[in-house]
Amino acid sequence: MTERFTGSFTQQEPIPEEGIAAAVRVMQSGRLHRYNTVPGEVAETVLLEQEFAASVGAEYCLAVASGGYAIGTALRACGVKPGDRVLTNAFTLAPVPGAIAGVGAVPVYIGVTEELVIDLDDLAAKLDQASVLLLSHMRGHLCDMEALMALCDAAGVTVVEDCAHTMGATWNGKPSGTFGRFGCFSTQTYKHINSGEGGLLISDDAEGMARATMLSGSYMLYTSHAAGPTPEEFAELRYQTPNISGRMDNLRAAILRPQLADLAAQAGRWNALYDVMDAGLRDVPGLTLVSRPDAEGFVASSFQFLLLDWSAAAVAEVQSRCAARGVELKWFGGAEPVGFTSRYDSWRYAASTPMPASDRVLAGIMDMRLPLTFSTADCALIARIIRAEVSAVWQAGN
Ligand SMILES: *Cc1c(COP(=O)(O)O)cnc(C)c1O
């Protein structure tokens, strides 16, 4: 009998009971806005900021409306202006070039390696084209962060990290998001903690964070930001910084706090699923697994493999055969953007020059989420299905 997978790649776990109870308390209070507190009360939003800052060892944290908003705010706080160029990854998702375009700036794409990280040689060659790098740790793959920071520091390029897929991850033990001037996280449903929409911005830079806080719509209430800079930092900025409202509310923060407390345990569960996928897809002719350096402490909420140098028709054949057995693979090489997936040359509002070496990698990337509603047995089954279908198409001559 042909095995079929019947689970859903988009089904998250429920919000923990503790989060639901906290959310109900916030709703009963009626005080959902972060600045609406009674004397002596510390808003859930502020508590979340303090807890997140402590969890990554950052000086400051600001909770905002989305990951994309966190990125846009970080770029603004770094002084990115309309018409400026911003370096970023060719292998990423639409909110990243979108955040750059949102501040009127222009993305300059840096290539991707077979390890699915930013190509440091390509970066070195383009560092003179911009003063900010928006580094996307796409699908949770971390590049050699010491090497990247050394390159950027030497060139005077400010780094903003997009950590939408690396909440809880580390490089040589240092949390992702603490290398650059800002780290930007998302709490959207498909990320590592789930409030539907939401974002977290971290930094050790007092002036940058004061700017970001004013930008997020703090009015003159920034003194309540216990995980924010001291009031002196706002003395001048408060008059100079526009309010571009994008705050997080107490309801989302209440839902997120118990999830944050659970993050390390959840990361362990994600990585157990990943290990089963990785083991199940070893030694499949034509299929390349992504090697991961020892320095990388990853949180594998998704899984990628490569069908390098396969024809588009053969990749599409693997995709449709797997889909027929319930395994939805996303393909970054597809000519048309589909679902959440798109390629740098499909963002036509931002001109790009062809990058043949990266195009070869992108054309081979197969991607899937590993939601925690999957069991290790589910992952073993998914791996068996992929192994069988990749082998069948490979043997037929791709
Ligand atoms: C989800 C995501 C974002 C933005 O997060 P939102 O909260 O959805 O705005 C940024 N970068 C990447 C790579 C993402 O996947």
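Residues numbered from 1 in each chain as written. Predicted model: local features only at pLDDT ≥ 70, side-chain atom pairs only at ≥ 80, totals over all residues. Heavy atoms only, no water.

**Description of the layout of surface pockets**
One number sums up the size of the largest pocket: a volume of about 490 Å³. Looking at the largest pocket, it is lined by 33 residues, and the ones nearest its centre are L93, A164, H165, Q188 and K191. Of all elements in the fold, only α3 (67–77), α4 (95–102) and β8 (182–186) reach the threshold of two or more residues within the lining of the largest pocket. Residue classes in the lining of the largest pocket are distributed as 15 nonpolar, 12 polar and 6 charged. Within this model, the second largest pocket holds a volume of roughly 260 Å³. Together, 17 residues line the second largest pocket, and L329, K330, V338, G339 and T341 are the ones closest to its centre. Looking at the lining of the second largest pocket, its residues break down into 7 nonpolar, 6 polar and 4 charged. (1 Å grid on protein atoms, 1.4 Å probe; cavity = no way out; pocket = protein on both sides within 12 Å on 5 of 7 lines; lining within 4 Å. Points joined across faces, edges and corners; volume = space filled by probe spheres on them. Helix = DSSP H or I, 4+ residues; strand = E, 2+ residues; numbered from the N terminus. Nonpolar A, V, L, I, M, F, W, Y, C, P; charged D, E, K, R; others polar.)

**Points about the packing of aromatic side chains**
Across all of its chains, the model carries 11 aromatic pairs by this definition. One aromatic cluster in this structure is built from F5, F9 and F374. Its guanidinium or amino end placed over the ring of F298, R292 lies 3.9 Å from that ring's centre, counting from NZ or CZ. Just above the ring of Y190 sits the side chain of R369; from NZ or CZ to the centre is 4.0 Å. (Phe/Tyr/Trp six-rings, centres within 6.5 Å; stacked < 30°, edge-to-face > 60°. Lys NZ or Arg CZ within 6 Å of the ring centre and 35° of its normal.)

**Focus on the pattern of salt bridges**
Close approach of charged atoms allows side chains with opposite charge to pair. Across all of its chains, the model carries 21 salt bridges by this definition. For E51, the salt bridge goes to R257, with nearest N and O atoms at 2.7 Å. In this pair, E51 is assigned in helix α2 (residues 44–56) and R257 in helix α9 (residues 250–261), connecting sequence segments 206 residues apart. In this structure, the salt-bridge partner of R181 is D205, at a minimum N-O distance of 3.3 Å. (Salt bridge = Lys/Arg side-chain N within 4 Å of Asp/Glu carboxyl O.)

**Some thoughts on the sheet that holds strand β10 (residues 288–289)**
Strands sit in the order β10-β12-β14-β13 across an open sheet of 4 strands; the sheet is antiparallel. Bordering the open sheet on either side are β10 and β13 (330–331), each of which pairs with just one other strand. The pairing of β13 with strand β14 (residues 365–369) spans 2 bridges and is classified as antiparallel. When the bridges of β14 are listed, K330 appears paired with D367. (Pairing = 2+ DSSP bridges.)

**What about empty space enclosed by the protein?**
Across all of its chains, the model carries 3 cavities of 30 Å³ or more by this definition. The computed volume of the largest cavity comes to approximately 40 Å³. Lining the largest cavity are N89, L116, V117, I118, L135, S136, H137, M138, H141 and C143. Taken together, the residues that form the lining of the largest cavity break down as 6 nonpolar, 4 polar and no charged.

**Looking at the site of the ligand**
The ligand sits among 16 residues. The nearest are G67, G68, H165, S186 and K191. G67 places a polar main-chain atom, nitrogen or oxygen, 2.7 Å from an oxygen atom of the ligand. Between the ligand and H165 there is a distance of 2.6 Å, counted from an oxygen atom to a side-chain nitrogen or oxygen. When the ligand sits alone it has 380 Å² of accessible area, and the protein chains cover 92% of it. Here the ligand is seated within the largest pocket. The set of elements that each furnish at least two residues to the shell around the ligand consists of α3 and α4. Here the shell around the ligand takes 3 residues from α3, the largest share from any one element. Considered class by class, the residues forming the shell around the ligand number 5 nonpolar, 9 polar and 2 charged. (Near = heavy atom within 4 Å. Polar contact = N/O pair within 3.5 Å; in protein donor to acceptor, adjacent residues only side chain to side chain. Areas by Shrake-Rupley, 256 points an atom, 1.4 Å probe, with all protein chains shown as cover. Sits in = over half its atoms within 2 Å of the grid points.)

**Quick look at the environment of L62**
Among the secondary structure elements, L62 is positioned in strand β1 (residues 60–64). On a C-alpha basis, the gap between L62 and L48 in space is 9.1 Å, while along the polypeptide they are 14 residues apart. Excluding residues within four positions of it along the chain, L62 makes contact with R34, E49, G199, L200, L201, M209, A212, T213, S216 and H225. (Contact = heavy atoms within 4.5 Å.)

**With respect to the state of the cysteines**
Per the counting criterion, the structure on display carries 0 disulfides. Cysteine C61 is unpaired, with the sulfur of C184 as its nearest cysteine sulfur at 11 Å. What makes C61 buried here is its relative accessible area of 2%. In this model C322 remains outside any disulfide bridge; the closest cysteine sulfur is found in C379, 14 Å from its own. (Disulfide = S-S within 2.5 Å. Buried < 20%, exposed > 50% of the residue type's maximum accessible area, 1.4 Å probe, protein only.)

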